[in-house]
Amino acid sequence: MSAANRAVVVDLGLGNLGSVLQALVRAGGEPRLSTDPEEIARAPRVVLPGVAAFGLGMERAAKFKPALQAALSRHAPVVGICLGMQILFEEGEEDGVRPGLGLLPGRVTRLPQSVQVPHIGWQKLQASGNSALKPLGWAYFAHSFRCEAPDAVTQAFAEHGEVRIAAVVGRGTLFGVQYHPEKSAHDGEALLRRFLALPEGAA
Amino acid sequence: MLTRRIIPCLDVKDGRVVKGVKFEELRDAGDPVEQARAYGAAGADELCFLDISASLESRGTLLALVERVARELAIPFAVGGGVRSAGDAETLLRAGADKVSLNTAALADPALITAVARLAGSQSAMIAIDAKARGPGWEVRSHGGTRGTGRDLIDWAREAVDRGAGEILLTSMDHDGVKRGFALEMLRAVTAAVPVPVIASGGAGEAGHFADAFEAGAAAALAASVFHFGTLGISSVKEACAARGFPMRWPV
């Protein structure tokens with residue numbers, strides 16, 4: 001068994017967990033589903049998926065914060081997908097203002113009424129910084145809230161009308177992806193492959 | 001800028017596709033997973049599965065199908081037909097569907113839309129509306145278009161969105177199967193009335209019809225038989241729409 005592509009997927013019991021697991025397998029990964037903070041803290045890589053409202057996501061994710069911090073302190077690559085990205089930020093305004101995990105600076109706000117909401121569909125990513133994930137090509141989005149992330153952590157974006165949507169964010173070995181790489185055909189799979197190829201966290 | 005979407009729709013009965021698909025590479029023309037894979041490779045932006053069996057026994061078969069599709073398909077897919085409760089929707093989403101489409105049950109109990117939107121987010125709660133011209137406007141039909149509801153299309157579209165629907169799949173009963181183009185006047189009326197994306201359905205016969213639907217405000221356009229019988233390819237439709245100035249995910 002190759003140790004190269006292992007990832008622990010945090011099971012928040014939300015949304016399209018199955019799709020994410022299958023996409024990781026298609027990308028050559030060896031995903032392992034977990035609800036065990038110990039296992040997540042020691043994971044070679046961590047994937048935090050989720051599709052739901054911010055409040056519900058945080059209810060399920062709050063207890064994993066120390067484990068995620070421990071993984072990051074070992075320089076393990078960690079990626080949040082869609083809601084899994086949004087809850088990495090300081091706070092979200094879905095269902096009233098709720099605190100997030102606070103691992104990245106910024107807030108999660110509803111897309112303004114001046115653009116079509118939900119933001120559903122495909123568009124090309126635009127790079128806006130160096131990213132180990134090298135986000136490129138076509139991305140499938142399906143969301144009503146966005147992360148207002150500072151430029152310093154924004155690695156790729158997409159423009160929806162006049163609104164700039166942070167599509168990929170990152171700092172150190174922590175990443176967030178607003179769109180659905182697991183549903184973004186070849187380019188999505190390529191991004192997951194690059195995540196799985198990042199060096200594992202220290203033992 | 002978002003690209004406009006082209007969505008093939010597959011009618012599924014007892015876990016098998018009812019209408020055939022003319023993809024030469026298919027090993028099994030009745031297998032929805034094979035067809036899904038072929039459409040994915042051909043550049044479809046999304047797929048829609050409509051379960052037309054909707055008997056209780058067939059629900060288990062449908063779930064197994066959704067799981068297999070989710071395992072192999074790297075584009076989003078919606079599942080509709082016979083979704084009667086938030087529990088039904090949850091089961092489909094857990095099995096791997098990205099969106100659930102609600103129709104007759106939501107007309108009987110509009111709170112169902114809110115329940116699904118709360119569970120999975122508005123972007124996963126699609127309302128399917130079958131409508132037919134009546135007087136100066138359009139009437140909503142239920143039970144696969146067989147029954148009138150007396151409800152006005154625009155009123156129902158607005159209510160569904162207010163209750164949390166994140167997308168509208170709008171089928172014209174008058175245009176469906178006629179292949180002379182989508183119901184553009186109806187599309188313009190609905191897209192002007194609601195802020196969410198509208199998927200045009202019913203009437204596609206040639207590539208230019210898709211561009212016409214986009215011009216009328218549709219975010220996406222859906223078709224079944226023109227794709228299944230090989231009359232049109234996804235690529236030729238996308239090229240025609242791109243030539244008319246619409247951003248398309250092409251080449252993939």
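Definitions and limits used
Residues numbered from 1 in each chain as written. Chains lettered and ligands numbered in written order. Predicted model: local features only at pLDDT ≥ 70, side-chain atom pairs only at ≥ 80, totals over all residues. Heavy atoms only, no water. Helix = DSSP H or I, 4+ residues; strand = E, 2+ residues; numbered from the N terminus. Rg over C-alpha atoms; globule rule 2.2 N^0.38 Å. Buried < 20%, exposed > 50% of the residue type's maximum accessible area, 1.4 Å probe, protein only. Areas by Shrake-Rupley, 256 points an atom, 1.4 Å probe, with all protein chains shown as cover. Lys, Arg positive; Asp, Glu negative; His and termini not counted. Charge placed at Lys NZ, Arg CZ, Asp CG, Glu CD. Phe/Tyr/Trp six-rings, centres within 6.5 Å; stacked < 30°, edge-to-face > 60°. Lys NZ or Arg CZ within 6 Å of the ring centre and 35° of its normal. Contact = heavy atoms within 4.5 Å. Buried area = accessible area lost by both parts, 1.4 Å probe. Salt bridge = Lys/Arg side-chain N within 4 Å of Asp/Glu carboxyl O. Nonpolar A, V, L, I, M, F, W, Y, C, P; charged D, E, K, R; others polar. Arc of directions from axis to C-beta. Core = buried A, V, L, I, M, F, W, Y, C linked by side-chain atoms within 4.5 Å. Pairing = 2+ DSSP bridges. Axes fitted to C-alpha atoms, helices over the stretch in contact; angles between N-to-C directions. Parallel < 35°, antiparallel > 145°, perpendicular 65-115°, else oblique. Left-handed = near helix turned anticlockwise from the far one by under 90°.

Asks: Would you mind showing me how to read the overall build of chain B here?
Replies: From N to C terminus, chain B includes ten helices and eleven strands. Its C-alpha atoms give chain B a radius of gyration of 17 Å, near enough to 18 Å, the size a compact globule of 252 residues would have. Counting only C-alpha atoms, chain B reaches 45 × 45 × 35 Å along its principal axes. Here chain B, with 252 residues, has 59% of them falling under the buried criterion.

Asks: Would you take a moment to explain the overall build of chain A for this structure?
Replies: A count of helices and strands for chain A gives six helices and 14 strands. Taken against the 2.2 N^0.38 rule, which gives 17 Å for 203 residues, the C-alpha radius of gyration of chain A at 15 Å falls within 12% of a compact globule. Structurally, chain A occupies a C-alpha span of about 50 × 35 × 30 Å along its principal axes. Taken over 203 residues, chain A has a buried fraction of 60%. Carbon and sulfur atoms form 52% of the exposed surface of chain A, whose accessible area is close to 7500 Å². Charge-centre separation for chain A: the mean point of 20 positive side chains lies 5 Å from the mean point of 19 negative side chains.

Asks: Please explain the packing of aromatic side chains as it appears in this structure.
Replies: A ring pair, where both rings are aromatic, is described by two values, the distance of the centres and the angle of the planes. Taken as a whole, this structure holds seven aromatic pairs over all chains when the rule is applied. With 5.6 Å between their ring centres and 55° between their planes, A:F141 and A:Y179 make a pair best called tilted. With A:F141 in strand β10 (residues 138-143) and A:Y179 in the loop between β14 (174-177) and α6 (185-197), this pair connects stretches of sequence that are 38 residues apart. The residues A:F141 and A:Y179 share a single accessibility class, namely buried. An angle of 65° between the planes, with centres 5.7 Å apart, marks the rings of B:F214 and B:F246 as edge-to-face. Here B:F246 lies in the segment after α10 (234-243) and B:F214 lies in helix α8 (residues 207-215), a separation of 32 residues in the sequence. Of the two residues, B:F214 and B:F246, both sit in the buried class. When the ring centre of A:F157 is taken as reference, the NZ or CZ atom of A:R164 above it lies at 3.7 Å. Its end group placed over the ring of A:W122, B:R249 keeps NZ or CZ at 3.8 Å from the ring centre.

Asks: Explanation requested: the interface of chain A and chain B in the structure shown.
Replies: By convention, interface size is frequently given as the accessible area that disappears when the constituent parts associate. At the junction of the two partners, chain A supplies 29 residues and chain B supplies 36 residues. When chain A packs against chain B, close to 2500 Å² is buried across both sides, 52% of that on carbon and sulfur atoms. It is A:I120, A:W122 and A:K183 in chain A that bury the most area against chain B; as a group they hold 27% of the surface buried on that side. Along the contact surface separating chain A from chain B lie one salt bridge. Sorting the residues of the side of chain A that touches chain B by element identifies α1 (17-26), β8 (119-124), β10, β12 (154-160) and α6 of chain A as the ones contributing at least two each. Looking at the side of chain A that touches chain B element by element, the count peaks at five residues for β8(A). Of the residues in the side of chain A that touches chain B, the class split is ten nonpolar, 14 polar and five charged.

Asks: Help me understand helix α3 (residues 86-95) of chain B in this model?
Replies: Since the α-helix advances by 3.6 residues per turn, residues separated by three or four positions end up pointing in the same direction. Residue and element names in this part refer to chain B. Of all the residues in α3, the buried ones are A89, L92, L93 and A95. Each buried residue of α3 lies within a common arc of 160° when the element is viewed along its axis, so the set occupies one face. Once α3 ends, the next one or two residues include G96, with phi positive near 130°.

Asks: Where do I start with the side chain of B:T3 in this structure?
Replies: Within the secondary structure, B:T3 is located in the segment before β1 (5-13). Aside from chain neighbours lying at most four places away, what touches B:T3 is A:W122, A:W138, B:A219, B:P247, B:M248 and B:R249.

Asks: Even after reading the chapter, I still don't get the nonpolar core, so can you show me in this structure?
Replies: Buried together is how nonpolar side chains tend to be arranged in soluble globular proteins. Counting residues in hydrophobic clusters, the biggest one holds 84 residues, and the most contacted among them are B:F77, B:I127, B:L153, B:I168, B:F210 and B:F227. If near-sequence neighbours (up to four positions away) are discounted, B:I168 is found in contact with B:I127, B:I129, B:A157, B:V161, B:V190, B:V194, B:V196, B:P197, B:V198 and B:I199. Formed by 36 residues, the second largest nonpolar core is a distinct cluster that contains A:I40, A:L72, A:V153 and A:A166.

Asks: When you look at the sheet that holds strand β4 (residues 78-81) of chain A in this model, what are you seeing that I'm missing?
Replies: Neighbouring strands of a sheet are bound in pairs by backbone hydrogen bonds; such pairs are parallel or else antiparallel. All names here are of chain A. Reading across the sheet, the eight strands line up as β2-β1-β3-β4-β14-β13-β12-β9 and stay open at both edges, with mixed pairing between neighbours. Every interior strand has two partners, whereas the edge strands, β2 (30-34) and β9 (126-127), have only one. Of the pairings in the sheet, the one linking strand β3 (residues 46-48) to β4 comprises three bridges and is parallel in character. Residue pairing for β4: L48 is matched across the bridge by G80.

Asks: Could you clarify how one ought to interpret the packing of α8(B) against α10(B) in this entry?
Replies: Residues and elements named next belong to chain B. At a minimum axis distance of 8 Å, the contact between α8 and α10 shows a crossing angle of 50°. Judged by the inter-axis angle, α8 sits oblique to α10. Crossing angle aside, the handedness with which α8 passes α10 is right-handed. Along the contact surface, α8 presents A207, F210, A211 and F214, while α10 presents S236, V237, A240 and C241.

Asks: Explain the sheet that holds strand β6 (residues 98-99) of chain A here, please?
Replies: The strand order across the open sheet built from four strands is β6-β5-β7-β11 (chain A), with neighbouring strands paired in mixed fashion. The open sheet is flanked by β6 and β11 (145-148) of chain A, the only strands paired with a single partner.

Asks: Got a minute to help me understand the pattern of salt bridges in this structure?
Replies: All names here are of chain B. Across all of its chains, the model carries 25 salt bridges over all chains by this definition. The shortest N-O distance in the salt bridge between R68 and D31 comes to 3.2 Å. Placement of R68 in helix α2 (residues 56-72) and of D31 in the loop between β2 (16-17) and α1 (32-42) is noted, with a sequence separation of 37 residues between them. A relative accessible area of 35% means that R68 is categorised as partly exposed. Of the charged contacts, one joins E159 and R151 as a salt bridge, the two residues approaching to 2.6 Å between their closest N and O atoms.

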